[in-house]
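Chain by chain, the residues:
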Amino acid sequence: MAATRRSRARSSMIAGGGAEVASGSREGSPGGADFAPSALGTRQHWDAVYERGLNNFQEYGDRGEIWFGEESMNRLIRWMQKQKIPLDASVLDIGTGNGVFLVELAKLGFSDITGIDYSPPAIQLSGSVIEQEGFSDIKLKVEDFLNLSPELSGFHVCIDKGTFDAISLNPDNAVEKRKQYVNSLSRVLKVKGFFLITSCNWTKEELLNEFSEGLLKFDENMNFTLAGVAQWIERGPVNQRIAVQFPVRAHAWVAGLELVEELPTPKFSFGGRPGSSVAALVFQKMRDFSLDKSG
């Protein structure tokens, strides 16, 4: 077992009224697709969580917990400030939950902020929190990141604090949904834009396997997939012709992401080996690729 692998039995506090979530258990090699299916990966679960969160806010003014804690939010904010991300940069919060992160960005002066969530009660809650804070220019939308509206695109910064984790636990073909996530990310993120992801279910190495480029990948049926092969395809027309001859989908996107930085997170020691409770990585999108077999 790698020293960086975290215990799958621990739990994390999730935004939305203090709902407690257990990390998905799995076995196998890094990047494997064998997360145990869980209700935590379903929309029904999160609708119920945020219904309770909305009721708590309306009755008691309780906004709910910050996913992974306040420090996880501050960690991302510090990085954005260190990188001098312009205040007019377009920022997308993927799975915004109670919208607290959007509020903090607005307080810092960011003016082009969008929060999406596939749970309508989450958007209701985040709208109420934002209204209470007195901000009117933050954009909110009920949106399934795996099935995006065409107009949602062109973001300089995309942020995920736990949404990819939840998708990975979906009982209905989580492997395919992870591929859809990468495709959607490629669509919404500008070239040279940044993707900041915080995860309690994936190690750094596993996230690199899911999102970074440089390796040819095959699915469980040994079919060629485009995730992670941007550099290989870019090397010349011979590679491009080979790629098109493989049984890929009719139209597929390559994320073209490169790791920029691993953000520091709290460490622990188990059995004399160091580890961390979460992984926080920053990627940058270097290119777009689209292959169409019909073309």
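In this report, the structure presented in the accompanying data block is examined. (Residues numbered from 1 in each chain as written. Predicted model: local features only at pLDDT ≥ 70, side-chain atom pairs only at ≥ 80, totals over all residues. Heavy atoms only, no water.)

1. Examining the overall build of the protein
The helix and strand inventory of the protein stands at nine helices and 15 strands. Looking at the protein as a whole, 52% of its 295 residues are labelled buried. A fraction of 73% describes how many contacts in the protein between residues 6 or more apart in sequence connect residues 24 or more apart. With an accessible surface of roughly 13300 Å², the protein has 52% of that area assigned to carbon and sulfur atoms. (Helix = DSSP H or I, 4+ residues; strand = E, 2+ residues; numbered from the N terminus. Buried < 20%, exposed > 50% of the residue type's maximum accessible area, 1.4 Å probe, protein only. Contact = heavy atoms within 4.5 Å. Areas by Shrake-Rupley, 256 points an atom, 1.4 Å probe, with all protein chains shown as cover.)

2. Some remarks on the pattern of salt bridges
In total, this model carries eleven salt bridges according to the counting rule given. A salt bridge links Glu-104 to Lys-107; its shortest N-O distance comes to 3.6 Å. With Glu-104 and Lys-107 both in helix α3 (residues 100-107) and three residues apart, this pair spans about one turn of that helix. Taking relative accessible area as the criterion, Lys-107 reaches 48% and is therefore assigned partly exposed. Of the charged contacts, one joins Lys-139 and Asp-112 as a salt bridge, the two residues approaching to 3.0 Å between their closest N and O atoms. Here the residue Lys-139 occupies a position in strand β5 (residues 139-142), and Asp-112 occupies one in strand β4 (residues 112-117), the gap between them amounting to 27 residues. Judged by its relative accessible area of 39%, Lys-139 is partly exposed. (Salt bridge = Lys/Arg side-chain N within 4 Å of Asp/Glu carboxyl O.)

3. Some remarks on helix α7 (residues 204-211)
Within the span of α7, buried status applies to Glu-206, Leu-207, Glu-210 and Phe-211. The arc that holds every buried residue of α7, seen down its axis, measures 115°, which confines them to one face. (Arc of directions from axis to C-beta.)

4. Let's talk about the environment of Val-49
Relative to the helices and strands, Val-49 is located in helix α1 (residues 43-60). Counting along the chain gives 73 residues from Val-49 to Ala-122, while the straight-line C-alpha distance between them is 8.5 Å.

5. Description of α1
Taking 1.5 Å per residue as the helical rise, α1 with its 18 residues ought to reach 26 Å, and the 25 Å between its terminal C-alpha atoms agrees with that figure. Within α1, burial applies to Trp-46, Val-49, Tyr-50, Gly-53, Leu-54 and Phe-57. On an axial view of α1, the arc spanned by its buried residues comes to 135°, and they lie on one face. Those residues of α1 that are exposed and angled more than 90 degrees off the buried face are Gln-44, Gln-58, Glu-59 and Tyr-60. One or two positions beyond α1, positive phi appears at Gly-61, with a value near 75°. (Expected span 1.5 Å × (residues − 1).)

6. Observations concerning the packing of aromatic side chains
Summed over the entire model, instances satisfying the criterion amount to eleven aromatic pairs. Consider the rings of Trp-46 and Tyr-50, whose centres lie 6.2 Å apart with planes at 35°: the pair is tilted. A residue pair is termed a helical-turn pair when its members lie 3 or 4 positions apart in one helix, as Trp-46 and Tyr-50 do in helix α1 at four residues. Tyr-50 carries the same exposure label as Trp-46, and that label is buried. Measuring from ring centre to ring centre gives 5.0 Å for Phe-164 and Tyr-181, while their planes differ by 65°; the resulting arrangement is edge-to-face. (Phe/Tyr/Trp six-rings, centres within 6.5 Å; stacked < 30°, edge-to-face > 60°.)

7. Regarding the sheet that holds strand β3 (residues 90-94)
Strand pairing within a sheet occurs via backbone hydrogen bonds; the two strands may be parallel or antiparallel. The seven strands are arranged β5-β4-β3-β6-β7-β14-β11 in an open sheet whose pairing can be described as mixed. The open sheet has two edge strands, β5 and β11 (257-262), and neither has a second partner. Within the sheet, the average angular offset between the axes of one strand and its neighbour, ignoring direction, is 20°. Pairing between β11 and strand β14 (residues 279-285): five bridges, direction antiparallel. The residue bridging Leu-259 from the neighbouring strand is Phe-283, located in β14. (Pairing = 2+ DSSP bridges. Axes fitted to C-alpha atoms, helices over the stretch in contact; angles between N-to-C directions.)

8. Comments concerning the nonpolar core
Trp-79, Met-80, Ile-85, Leu-105, Ile-159 and Leu-196 are the most contacted members of the largest nonpolar core, which has 35 residues in total. For this core, the elements supplying multiple residues, two or more each, are α1, α2 (70-82), α3, α4 (120-133), β6 (155-161), β7 (189-199) and β14. Of the residues forming this core, the biggest block, six residues, is contributed by α3. Discounting residues that sit within four places of it in the chain, Met-80 has contacts with Ile-85, Val-91, Leu-105, Phe-110, Ile-159 and Leu-196. Grouped together as the second largest cluster of nonpolar side chains are 28 residues, Ile-94, Tyr-181, Val-188 and Leu-207 included. (Core = buried A, V, L, I, M, F, W, Y, C linked by side-chain atoms within 4.5 Å.)

9. Considerations on unusual backbone geometry
We note that Lys-84 has phi near 55°; this positive angle belongs to a residue other than glycine. Here Lys-84 lies in the loop between α2 and β3. Look at Asn-173: it is not a glycine, yet its phi comes out positive at around 60°. Here Asn-173 lies in the loop between α5 (163-168) and α6 (174-188). Judged by relative accessible area, Asn-173 falls into the partly exposed class, the value being 47%.

10. Overview of the side chain of Thr-114
By secondary structure assignment, the location of Thr-114 is in strand β4. The buried category is assigned to Thr-114, whose relative accessible area is 7%. The contacts of Thr-114, once residues within four sequence positions are left out, are Val-91, Leu-92, Asp-93, Leu-102, Lys-139 and Phe-155.

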